[in-house]
Amino acid sequence: MSLAYLAQEAVEQTTTGKGYGAIGYGLAAIGPGIGVGIVVGKAIEGIARQPELAGQIRTNMFLGIAFTEALALIGLVAGFIF
């Protein structure tokens, strides 16, 4: 492959808009980041109010984190598809 060919491919990729997957994933990761912060904050509040339920609250917190992080993975996949 020659350098001219690689330069032409780079120009074609930037003009067709194929390089925006990383920007899309960055925007898609903002929501889950905020969501995880809210879930953990509310779980800490709940444990502080009722320490005897710490085990159940912690379990629900980890489930909430898992579901919220699934959104980030969907954003990653969507970035590759589109």
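In this text, all values refer to a predicted model and were calculated from it rather than measured experimentally. (Residues numbered from 1 in each chain as written. Predicted model: local features only at pLDDT ≥ 70, side-chain atom pairs only at ≥ 80, totals over all residues. Heavy atoms only, no water.)

(A) Quick look at a nonpolar patch on the surface. A surface patch of nonpolar side chains, amounting to about 510 Å² of accessible area, comprises Ile23, Leu27, Ile30, Ile34 and Ile38. Examined against the element boundaries, Ile23 turns out to sit in helix H2 (residues 21-49). (Patch = residues over 30% accessible without salt bridge, like charges linked within 9 Å, V, L, I, M, F, W, Y side chains within 5 Å. Areas by Shrake-Rupley, 256 points an atom, 1.4 Å probe, with all protein chains shown as cover. Salt bridge = Lys/Arg side-chain N within 4 Å of Asp/Glu carboxyl O. Helix = DSSP H or I, 4+ residues; strand = E, 2+ residues; numbered from the N terminus.)

(B) A look at the nonpolar core. In this structure, Val36, Ala43, Ile57, Met61 and Ile65 together form the largest nonpolar core, which totals five residues. Broken down by secondary-structure element, the contributors of at least two residues to this core are H2 and helix H3 (54-81). In terms of residue count, the dominant contributor to this core is H3 (three residues). For Val36, the contacting residues outside a window of four places in its chain are Ile65, Thr68 and Glu69. (Core = buried A, V, L, I, M, F, W, Y, C linked by side-chain atoms within 4.5 Å. Buried < 20%, exposed > 50% of the residue type's maximum accessible area, 1.4 Å probe, protein only. Contact = heavy atoms within 4.5 Å.)

(C) Summary view of the environment of Gly75. Along the chain, Gly75 turns up in helix H3. By relative accessible area, Gly75 is classed as buried at 12%. It is 5.3 Å that separates the C-alpha atoms of Gly75 and Ala28, two residues lying 47 residues apart in sequence.

(D) View of the environment of Ile30. Structurally, the position occupied by Ile30 is in helix H2. Relative accessible area serves as the criterion here: at 46%, Ile30 is assigned to the partly exposed category. Sequence separation of Ile30 and Ala72 is 42 residues, and the distance between their C-alpha atoms is 8.5 Å.

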